[in-house]
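Listed below are the residues making up each chain.
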There are 2 protein chains.
Amino acid sequence: MDQTKDTRPEASEKRQRGVTMETVGRMAGVSQVTVSRALSDPSKVSAKTMRKIQDAIAATGFVPNAIAGALASNKSKLITALVPSITNIVYSSMIRSFSLRMREEGYQILLSETGFDPEDEEVAIAAHLSRRPDALLLTGIHHSAQARRMLLASGLPVVEVWDYTDSPIDMCVGFRHAETGYAAADYAIERGYTKAATIAAGDERALRRKDAFKSRYEQKTGSSVLEMNFESNATLARGREGLAALLDKGFDTGLIFCSSDILAHGVIIEATARGMRIPEDVAVIGFGDQEFAADVEPSITTIKVDREAFGSAAADVLLARFHGETVEEPEIDLGFEIIRRKSA
Amino acid sequence: MDQTKDTRPEASEKRQRGVTMETVGRMAGVSQVTVSRALSDPSKVSAKTMRKIQDAIAATGFVPNAIAGALASNKSKLITALVPSITNIVYSSMIRSFSLRMREEGYQILLSETGFDPEDEEVAIAAHLSRRPDALLLTGIHHSAQARRMLLASGLPVVEVWDYTDSPIDMCVGFRHAETGYAAADYAIERGYTKAATIAAGDERALRRKDAFKSRYEQKTGSSVLEMNFESNATLARGREGLAALLDKGFDTGLIFCSSDILAHGVIIEATARGMRIPEDVAVIGFGDQEFAADVEPSITTIKVDREAFGSAAADVLLARFHGETVEEPEIDLGFEIIRRKSA
DNA sequence: CTGTTAGCGCGTTCAT
DNA sequence: ATGAACGCGCTAACAG
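Small disclaimer: the values here were computed from a predicted structure and weren't measured.

1. Topic: the relation of the copies chain A and chain B
- Superposition of chain A onto chain B requires a rotation of 180 degrees combined with a translation of 0.0 Å along the rotation axis, giving an RMSD of 0.1 Å. The transformation relating the two chain copies, once decomposed into turn and shift, fits a two-fold axis. Among all residues of chain A, the minimum C-alpha distance to the rotation axis is found for A:Leu110, at 2.3 Å.
- Taken together, the interface assignments show that 99% of the residues at the interface of chain A recur at the interface of chain B, consistent with an identical surface on both copies.

2. Topic: the side chain of A:Ser259
Residue and element names in this part refer to chain A.
- For Ser259, the location among the structural elements is in the loop between strand E8 (254-258) and helix H11 (261-273).
- Of the residues examined, Ser259 reaches a relative accessible area of 5% and is grouped as buried.
- Every residue in contact with Ser259, bar those within four places of it in the chain, is listed here: Ile199, Ala200, Ala201, Ala206, Arg209 and Phe287.

3. Quick look at the confidence of the model for chain A
- Averaged over every residue, the pLDDT of chain A is 93; the share at 70 or more is 96%.
- Contacts for the low-pLDDT stretch residues 1-13 of chain A, under 50 throughout, to residues beyond four places or in other chains number 12 contacts.

4. Points about the pattern of salt bridges
Residue and element names in this part refer to chain A.
- Here the structure, examined in full by the defined rule, presents 45 salt bridges over all chains.
- Arg101 serves as the salt-bridge partner of Glu104, at 2.9 Å between the closest nitrogen and oxygen. Placement of the pair is Glu104 and Arg101 together in helix H5 (residues 89-104), with a separation of 3 residues, close to one helical turn.
- Of the residues examined, Glu104 reaches a relative accessible area of 59% and is grouped as exposed.
- The exposure class assigned to Arg101 is partly exposed, which follows from its relative accessible area of 25%.
- Arg274 is the partner of Glu270 in a salt bridge, and the nearest nitrogen-oxygen pair spans 2.8 Å.
- For Glu270, a relative accessible area of 12% puts it in the buried group.
- One salt-bridge network, held together by shared partners, links Lys210, Asp211, Lys214, Glu218 and Glu227.

5. Observations regarding the environment of B:Leu236
Residues and elements named next belong to chain B.
- With respect to the helices and strands, Leu236 occurs in helix H10 (residues 236-248).
- According to the relative accessible area criterion, Leu236 is buried, its value standing at 2%.
- Measuring from C-alpha to C-alpha, the distance between Leu236 and Ala264 comes to 8.1 Å, with 28 residues separating the pair along the chain.

6. Quick look at the interface of chain A and chain B
- Listed as interface residues are 70 residues of chain A and, on the opposing side, 70 residues of chain B.
- Taken over both partners, the interface formed by chain A and chain B buries close to 6,300 Å², and the fraction arising from carbon and sulfur atoms is 51%.
- Summed over the three residues of chain A that lose the most area to chain B, namely A:Arg15, A:Ile67 and A:Arg131, the buried surface amounts to 12% of that side.
- At the junction of chain A and chain B, the tally comes to 4 salt bridges.
- Here B:Glu297 ties to A:Arg240 by a salt bridge, and the two come within 2.9 Å at their closest N and O atoms.
- Breaking the side of chain A that touches chain B down by element, the ones donating at least two residues are helix H4 (66-73), H5, strand E2 (108-113), helix H6 (118-130), helix H7 (145-154), helix H10 (236-248) and H11 of chain A.

7. A few points about helix H7 (residues 145-154) of chain B
Residue and element names in this part refer to chain B.
- Among all positions in H7, only Ala147, Met150, Leu151 and Ser154 are buried. On an axial view of H7, the arc spanned by its buried residues comes to 95 degrees, and they lie on one face.
- The secondary structure elements touched by the buried residues of H7 are helix H6 (118-130), strand E3 (135-139) and strand E4 (158-161).

8. Thoughts on the protein's contact with DNA strand D
- Taken together, 25 residues form the shell around DNA strand D, and within it A:Thr34, A:Arg37, B:Met21, B:Gln32 and B:Ser36 come nearest.
- Counted by atom, the contact set of DNA strand D within 4 Å of the protein is 64% sugar and phosphate.
- Note that a base oxygen of DNA strand D is positioned 3.4 Å from one of the backbone N or O atoms of A:Ala72.
- For DNA strand D, a base nitrogen lies 3.4 Å from a polar atom in the backbone of B:Ala68.
- Among the elements of the structure, helix H2 (32-40) and H4 of chain A together with helix H2 (32-40) and helix H4 (66-73) of chain B are those that each provide at least two residues to the surface near DNA strand D.
- Residue contributions to the surface near DNA strand D peak at 4 residues, all from H4(B).
- Taken together, the residues that form the surface near DNA strand D break down as 11 nonpolar, 10 polar and 4 charged.

Thresholds applied
Residues numbered from 1 in each chain as written. Chains lettered and ligands numbered in written order. Predicted model: local features only at pLDDT ≥ 70, side-chain atom pairs only at ≥ 80, totals over all residues. Heavy atoms only, no water. Least-squares fit on C-alpha atoms with pLDDT ≥ 70 in both. Contact = heavy atoms within 4.5 Å. Helix = DSSP H or I, 4+ residues; strand = E, 2+ residues; numbered from the N terminus. Buried < 20%, exposed > 50% of the residue type's maximum accessible area, 1.4 Å probe, protein only. pLDDT = per-residue confidence, 0-100. Salt bridge = Lys/Arg side-chain N within 4 Å of Asp/Glu carboxyl O. Buried area = accessible area lost by both parts, 1.4 Å probe. Arc of directions from axis to C-beta. Near = heavy atom within 4 Å. Polar contact = N/O pair within 3.5 Å; in protein donor to acceptor, adjacent residues only side chain to side chain. Nonpolar A, V, L, I, M, F, W, Y, C, P; charged D, E, K, R; others polar.

Rendered as structure tokens:
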């Protein structure tokens with residue numbers, strides 16, 4: 001109905017400042033404050049002026065300037081979140097449930113990918129703090145000293161997720177990675193696997209799970225655990241290569257504890273391609289209980305952590321904080337569960 | 001070294017306002033403006049005062065308030081991005097490359113998930129516009145009329161990605177989904193598959209690819225194409241169910257065009273479990289060339305779109321715009337490629 | 001090279 | 001129920 005001319009940004013040198021509450025107010029015959037009130041608490045404004053204001057908003061296409069609002073109120077309704085990788089379903093599904101819950105309360109999420117280097121995380125944290133978020137969500141419990149200092153100095157609520165510590169920066173929602181490795185080792189021993197190996201890829205937490213598995217298994221059985229570690233991210237190809245490498249190293253039969261389901265799946269594919277039977281020749285335990293784990297052949301025995309629960313639990317503690325409630329238990333261990341399927 | 005007392009947010013009623021340029025300036029013996037200049041363009045400040053300012057910053061832990069900066073300069077260094085799903089690798093890998101490129105230039109990305117409902121997208125767009133981003137990135141080319149109006153009125157650069165149209169809101173970077181279906185049909189016919197079926201799941205674009213395949217295949221061969229469509233997201237389980245359903249419907253042998261690699265993988269697993277040979281009994285074409293496509297058995301013939309290229313191309317057109325250059329070609333078709341592997 | 005002055009658009013407080 | 005005045009922390013002119 002409008003915009004017949006070229007309104008593309010290059011047409012005008014400087015970006016035009018938009019419609020303000022001042023504009024809307026003038027059109028509705030009221031002051032700027034009244035418009036502000038009408039938007040934040042309609043009950044404080046008479047029905048008649050409310051209507052006039054709404055008409056003016058519709059006519060002008062007014063969109064409140066959250067930047068100005070944030071500056072004035074010292075509340076940004078912004079949460080910034082840092083994850084190692086946004087393409088990793090483990091983190092993205094957590095963020096999804098976190099966002100959903102926070103959005104219900106009017107918060108938006110500024111998300112950044114930090115990789116696995118604490119230095120990079122530190123830079124990202126500084127950038128995020130400059131946006132004056134109302135809180136921050138971090139992945140993991142290991143951060144640079146400078147990062148901790150900045151976070152503490154900001155006085156903002158901070159939730160660390162996906163790992164557990166008794167002494168978080170502020171609050172944490174996670175699980176004990178080492179425990180998953182112990183549990184997997186116990187499971188392997190119980191089920192009679194007298195030889196074991198590991199394949200790990202990705203972050204430091206994956207290595208911690210692997211180390212726990214290995215130490216527990218070796219300690220209890222006396223049989224040493226071969227391992228294959230990749231610096232890179234976990235992929236199907238790494239899983240296949242992992243099995244191949246272990247076989248080369250002399251591993252012939254037994255159970256393989258993988259740091260993720262995708263690696264486990266790779267092992268299954270490689271084993272099948274070599275005519276090995278699963279779990280008779282090679283048994284596999286994965287990690288994560290990803291969507292496909294139950295549907296591949298054979299289905300993958302894995303360690304399940306309720307990723308969505310992490311997101312919503314993190315949201316809950318933050319919201320409690322925002323609502324002025326004292327968070328009794330700022331360290332939450334959500335645990336995990338071994339899902340027994342056919343691969344081990 | 002500091003913070004010996006309890007500084008957790010609940011300790012103080014109102015969040016304390018932080019260190020400002022004013023504070024830093026006073027400590028360094030200069031005015032607030034000089035601090036601002038020192039940070040935005042060190043060359044405009046003498047080396048000596050620069051040093052004093054840096055010391056003061058280090059001592060105070062000053063973090064610039066980007067909110068205030070954005071309000072004053074009318075530039076937020078913020079790009080907001082909307083994707084249907086953040087857990088879908090297709091979108092997240094695109095966003096990853098987009099972010100990386102934009103971050104180099106000092107931009108941050110506010111990401112929201114909109115699902116597949118244009119109404120939800122509209123709400124999200126309004127919320128995003130209130131943050132006064134410097135540009136917006138949208139997924140797809142179908143948006144509500146109101147959304148288009150708001151976007152146009154904002155005068156902001158907008159990039160629509162992952163689809164192609166000659167008449168974008170502003171700019172677009174994508175590919176023609178229908179063409180992929182035509183190409184797949186031609187491929188199937190060329191390779192002698194005289195029967196075909198489709199399995200689709202997910203968004204409207206998946207259906208468009210499927211429709212194109214079906215119409216081209218039926219038109220050229222006269223043989224009708226059975227189809228199985230899911231409302232839900234594509235999963236391995238849907239792929240398995242899809243094949244089962246097609247077999248029930250009377251499909252016995254031929255090629256199946258799937259709207260994603262994960263569906264294709266499900267078909268392969270189900271077929272293998274039933275003792276069917278691939279591609280002799282059932283041939284499969286996927287879509288996306290996801291990481292696992294080359295590594296499953298048999299490897300998946302698929303349609304590859306360079307997802308990372310979309311992200312960086314989108315970043316490039318935006319950055320060109322920001323740098324004041326006129327974007328010659330605001331509609332970019334990045335095309336696609338059929339990757340021939342063993343499954344078809 | 002540095003300082004002064006004026007906003008940016010809104011929320012907050014105090015009046016009325 | 002409404003308005004006037006002020007300030008949030010910063011950038012953008014314009015001086016000097």
